[in-house]
Amino acid sequence: MFYLNNCCCFRQLSTEAVYGSARNFKGGSGTILDLSCFFRKETHKQAPAFRGLCRAQARTFCFHLTVMQRGWLHSGPLLWLQYVDKNVKLKVGKHEEHRGWLLTVDPVSASVVLVNFREDGASVRVVMGHAVEDVEVLQESDPETAERLRLFLLPPTTSSLDPEELSRRRMGVYRWLEKNRVPVEEDGDSLRVAGALTILAPYRPEDCCSSNQIILDRIQRLIQSQPHLLKVDPGFDSIQILPGFSGSQEL
Amino acid sequence: MATPVSVLRLPKGPDPNSRGFDPNSPRFVALCRTSISTSAAEADAKELQREQRARSALRERFLRCLLTMTNKKVQFHMHEKVDVEATFGASDIDVLNFQVSDLHTPIGVQKEALIRCQDVISFTFDM
């Protein structure tokens, strides 16, 4: 309350002092003090230089305080990203507590994904954003765990194909798309479709990248229905026409 | 004599262009709006770009996590200490509902069900 009423006094304070006070303020009265709003309101009256200083200070505050101030749901992706790959303690509701390596935070629902590694795999816990009360970092990320987390969800890579096979597949997809009147061009190792979609090696339907859902769906289905893809799997060659289907002569 | 029954309006579904839920629907306004807004509303374009990059990196990891979860046994922990098990199917784009199969509720097994995410505190699965 003191700071809100007395702006001059506030101006004298160092970063740490205000940070500490804001904390006490929160702990003492249970009210949340929004420093960034306060800054914006007050700085209109100040000289530009001072305003700049205030902004810079406000930014450092935001970094430390926003999770506490705004609540987890409104912290924003940049802040959430700070917690990725770190070992965290999550306060959920009043009594629950969960620990684990933070894999990611869903930017839409603010849900947190925690991973705990075991000898035979891992257990994953997803805590819904609305239930998260507080997040505390227990251990910083180390390169080894970060790599382990990164590989955790990636689909198995198929780097076993040799360049010759890859170029054969690329040309196959290229011709198939061209045959279907789809504008396609080669761009190094990848194929570009209508400037909106990229197909990366090894050119399967799941290797298509596009921000346009409709184009992505169409091209994926087109590649799926590519006839000579069937030859890749030897199992398909042995499929014979069932006797029942050739029975038209019987009529 | 027939008694008049009030009409229950269901939320508007996804629009035919599959761009997700109508931003003017009550459901979207009530539940999603805050999640889409940027914190860098007044900040410069660079800040916005940084934020978008962070957003996409986080979202990709989350979507991959959902993908690995499909057809796995998932334990849902809900309010009032309710624990249920189900086979995870899918989630909608704004993570408001989960589609699950074989939901083991305290009163029996529900073959197919939608779980409202607001009712879930957390869920776990093994890999």
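The shown structure was predicted, so the numbers you read here are calculated from the model rather than taken from an experiment.

Q: I tried to follow the packing of aromatic side chains on my own but got confused; where do I start?
A: To describe a pair of aromatic rings, one takes the distance between the centres and the angle between the planes. Residues and elements named next belong to chain B. Summed over all chains, the structure comprises 6 aromatic pairs over all chains. Judged by centre distance (5.4 Å) and plane angle (45°), the rings of Phe76 and Phe123 are tilted. Of the two residues, Phe76 is situated in strand β1 (residues 73-78) and Phe123 in strand β5 (residues 120-126); the sequence distance between them amounts to 47 residues. The exposure class assigned to Phe123 is buried, which follows from its relative accessible area of 0%. Taking 5.2 Å as the distance between ring centres and 80° as the angle between the ring planes, the aromatic pair formed by Phe98 and Phe123 counts as edge-to-face. Here Phe98 is found in strand β3 (residues 97-105), whereas its partner Phe123 is found in strand β5, with 25 residues between them in sequence.

Q: Even after reading the chapter, I still don't get the interface of chain B and chain A, so can you show me in this structure?
A: Accessible area lost on assembly of the parts is the figure often given for the size of an interface. The partner chain A presents 40 residues to the 34 residues of chain B that form the contact. In this assembly, chain B packs against chain A so that about 3,100 Å² is buried in total across both faces, 64% of it on carbon and sulfur atoms. Considering only the side of chain B, the residues that lose the most area to chain A are Leu58, Arg61 and Met127 of chain B, jointly responsible for 23% of the buried surface there. When the shortest N-O distance is used, the salt bridge between Arg61 of chain B and Asp85 of chain A registers 3.3 Å. At the junction of chain B and chain A, the tally comes to 11 residue pairs in polar contact (both at pLDDT 80 or more). Residue assignment for the side of chain B that touches chain A shows that the elements contributing at least two residues are α2 (33-36), α3 (45-69) and β5 of chain B. Counting residues per element, the side of chain B that touches chain A draws most heavily on α3 of chain B, which supplies 12 residues. When the residues that make up the side of chain B that touches chain A are grouped by side-chain class, the tally is 13 nonpolar, 11 polar and 10 charged.

Q: Before we go on, may I ask you to explain the side chain of Asp92 of chain B in this structure?
A: Residues and elements named next belong to chain B. Examined against the element boundaries, Asp92 turns out to sit in the loop between β2 (83-91) and β3. Residue classification places Asp92 among the buried positions, given a relative accessible area of 17%. At 3.1 Å, the side chain of Asp92 forms a polar contact with the backbone nitrogen of Asn97.

Q: What should I look at first to understand the environment of Val173 of chain A in this one?
A: All names here are of chain A. By the secondary structure assignment, Val173 is in helix α8 (residues 163-179). You can call Val173 buried: its relative accessible area is 2%. In this structure the C-alpha to C-alpha distance between Val173 and Val184, which are 11 residues apart in sequence, comes to 9.7 Å. Apart from residues no more than four positions distant in its own chain, Val173 is found in contact with Leu191, Ile199, Tyr203, Ile223 and Gln226.

Q: Whenever I open this one, the packing of α8 of chain A against helix α9 (residues 213-224) of chain A confuses me. Can you help?
A: The relative placement of two packed helices comes down to the angle between their axes together with the axis-to-axis distance. Residues and elements named next belong to chain A. Close contact between α8 and α9 brings their axes to 10 Å; oriented N to C, the two are set at 115°. The angle between α8 and α9 places the two elements in the roughly perpendicular class. In this structure, α8 crosses over α9, and the sense of that crossing is right-handed. Each of Val173, Trp176 and Leu177 in α8 lies in contact with α9, whose residues at this interface are Ile219, Leu222 and Ile223. Here the contact of α8 with α9 is composed, by residue class, of 6 nonpolar, no polar and no charged.

The rules behind the values
Residues numbered from 1 in each chain as written. Chains lettered and ligands numbered in written order. Predicted model: local features only at pLDDT ≥ 70, side-chain atom pairs only at ≥ 80, totals over all residues. Heavy atoms only, no water. Phe/Tyr/Trp six-rings, centres within 6.5 Å; stacked < 30°, edge-to-face > 60°. Helix = DSSP H or I, 4+ residues; strand = E, 2+ residues; numbered from the N terminus. Buried < 20%, exposed > 50% of the residue type's maximum accessible area, 1.4 Å probe, protein only. Contact = heavy atoms within 4.5 Å. Buried area = accessible area lost by both parts, 1.4 Å probe. Salt bridge = Lys/Arg side-chain N within 4 Å of Asp/Glu carboxyl O. Polar contact = N/O pair within 3.5 Å; in protein donor to acceptor, adjacent residues only side chain to side chain. Nonpolar A, V, L, I, M, F, W, Y, C, P; charged D, E, K, R; others polar. Axes fitted to C-alpha atoms, helices over the stretch in contact; angles between N-to-C directions. Parallel < 35°, antiparallel > 145°, perpendicular 65-115°, else oblique. Left-handed = near helix turned anticlockwise from the far one by under 90°.

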